[in-house]
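An overview of the molecular structure
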Amino acid sequence: MTNPVVLVTSASGRIGKEVIARLKSSGKFTIRAALHSPAKADYLKKIGADEVVKFDLTDKGTWDAALNGVEAIYSASLDPLLEHHLNFSKHLGTLQGQVKHVVRVSCMGADTNTASYDKDVHVSRDGAGIPIMLQHYWWGEKALVDAGLPLTVLRANFFMNHLLKTDTENIDKEGWFSNPLGKTRNSFVCTNDIAEVAVVCLTEGPKQHANKFYDITGPAPQNMDEIAADLGAALGKKVVYRPQTLADMEKDFGPTRAAFFEYLCNGFYTRCSPDFYNLTGRKPTSYAEYLRNKGAAGETGLEELYQGNMWKKGEDAMKAAVAAVSKH
């Protein structure tokens, strides 16, 4: 009997490649890696993909071939592609008899199914609403809920390394990085841990994990001086944190990302969730461990730090996406 086919979207991403490597070790699926560009096809086959297929959320012509015979889906998409994810989710709703389980990566903070967040009520500032990026994450979940598919959502905290990728040149040349987070401690999450729980949910299946929404965080909240110390130890040199105002961050990356960072400054993402432990039986990975230890795909967090990043100083990566979905 052949194994069921699982489609891994964003297959070459920091989580997707870990999902592929871990699924291969399970031996329970035929793994189909969905790629926008074929450049990494050989790499994904090397770490465990049985099949590689072209897939583009913005091109509906690639969807049918990617979904042919698929019973399970690991779903992830770049923030600016929300409108296209919403359309894809509607399409998946037409495949209810075929697709038996979807595991979606998201973020906590705006949902109205397991909580009662009011989109117009900011947690720390009067007269403001929940940051639009957090609302977008919930819309991405809700689209799959509305599609009527057996769904598991991994609501992850802010990714380890994600806030440092725009500062790698400063870190290398001058030994510092900058952002507005300062002394606020956040329980940043290891992306390898997100992949680990995704594979647990996929392999154990919808009978155990359908209609479940898990908060995935790190094991301890850390501030920027503590992050700098861990990074410096891994690099073998001194690294320091330099404060930045939210206004300056908005100038660098636009209002949407700056508004999200305000929630990282006000303590909303400080808490540590027990969900990772309850799913895997161990504590989450610390930042120091992530930097030094290889994941299932063979890379350390330190190596991952220097890989692709959609955020560029001087560019508002979310401007077009916010305009495109403003009708929601």
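Heads up: these notes are all about the structure in this document. Just so you know, these numbers come straight off a predicted model, no measurement behind them.

Some details on the sheet that holds strand β8 (residues 212–216)
Strand order across the open sheet formed by seven strands is β3-β2-β1-β4-β5-β6-β8, with parallel pairing between neighbours. One side of each edge strand has no neighbouring strand; the edge strands of this open sheet are β3 (51–54) and β8. Looking at each pair of strands side by side, their axes are set apart by 20° on average, direction ignored. Docked against the sheet, helix α1 (residues 16–26) engages β1 (5–8), β2 (30–35) and β4 (70–75), running at close to 160° with respect to β1.

Quick notes on the nonpolar core
Counting residues in hydrophobic clusters, the biggest one holds 44 residues, and the most contacted among them are Leu 134, Leu 164, Phe 177, Leu 231 and Tyr 269. Mapped by element, the contributors of at least two residues to this core are α4 (82–92), α5 (132–146), α9 (224–235), α10 (246–253), α11 (255–265), α13 (287–292) and α14 (301–305). It is α5 that contributes the most residues to this core, six residues altogether. Beyond its immediate stretch of four places on either side in the chain, Tyr 269 contacts Cys 107, Met 108, Leu 134, Asn 157, Asn 186, Ser 187, Phe 260, Tyr 263 and Leu 264. Residues Ile 20, Ala 21, Phe 159 and Val 199 belong to the second largest nonpolar core, which totals 37 residues.

Describing the packing of aromatic side chains
For the structure shown, the criterion picks out 11 aromatic pairs. The interplanar angle of 65° and the centroid separation of 6.4 Å between the aromatic rings of Phe 158 and Phe 188 together place this pair among those described as edge-to-face. Here Phe 158 is found in the loop between β6 (151–156) and α6 (168–174), whereas its partner Phe 188 is found in the loop between β7 (176–179) and α7 (191–204), with 30 residues between them in sequence. The burial state of Phe 158 is the same as that of Phe 188; both residues are buried. Members of the aromatic cluster, connected to one another through ring pairs, are Tyr 117, Tyr 137, Phe 158, Phe 188, Phe 260, Phe 261, Tyr 263, Phe 268 and Tyr 269. Over the face of the ring belonging to Phe 253 we find Arg 257, whose NZ or CZ atom lies 5.6 Å from the ring centre.

Observations regarding the pattern of salt bridges
Applying the stated criterion across every chain yields a total of 21 salt bridges. Among the ionic pairs, Lys 100 bridges to Glu 71, the shortest N-O distance being 3.9 Å. In this pair, Lys 100 sits in the loop between α4 and β5 (101–106) while Glu 71 sits in strand β4, placing the two residues 29 residues apart along the sequence. The partly exposed category is assigned to Lys 100, whose relative accessible area is 40%.

Description of the side chain of Asp 215
Position of Asp 215 among the secondary structure elements: in strand β8. By relative accessible area, which is 15% here, Asp 215 ends up buried. Separated by 2.2 Å, the side chains of Asp 215 and Arg 271 make a polar contact. Those residues in contact with Asp 215 that lie beyond four places of it in its chain are Met 108, Arg 155, Arg 271, Ser 273 and Asp 275.

Considerations on the environment of Asn 170
Mapped onto the elements, Asn 170 comes out in helix α6. Separated by 69 residues in the primary sequence, Asn 170 and Val 239 place their C-alpha atoms 9.8 Å from one another. Ignoring any residue separated from it by four or fewer positions in sequence, one finds Asn 170 in contact with Gly 175, Trp 176 and Lys 313.

Each value, and the rule that gives it
- Residues numbered from 1 in each chain as written.
- Predicted model: local features only at pLDDT ≥ 70, side-chain atom pairs only at ≥ 80, totals over all residues.
- Heavy atoms only, no water.
- Pairing = 2+ DSSP bridges.
- Helix = DSSP H or I, 4+ residues; strand = E, 2+ residues; numbered from the N terminus.
- Axes fitted to C-alpha atoms, helices over the stretch in contact; angles between N-to-C directions.
- Contact = heavy atoms within 4.5 Å.
- Core = buried A, V, L, I, M, F, W, Y, C linked by side-chain atoms within 4.5 Å.
- Buried < 20%, exposed > 50% of the residue type's maximum accessible area, 1.4 Å probe, protein only.
- Phe/Tyr/Trp six-rings, centres within 6.5 Å; stacked < 30°, edge-to-face > 60°.
- Lys NZ or Arg CZ within 6 Å of the ring centre and 35° of its normal.
- Salt bridge = Lys/Arg side-chain N within 4 Å of Asp/Glu carboxyl O.
- Polar contact = N/O pair within 3.5 Å; in protein donor to acceptor, adjacent residues only side chain to side chain.

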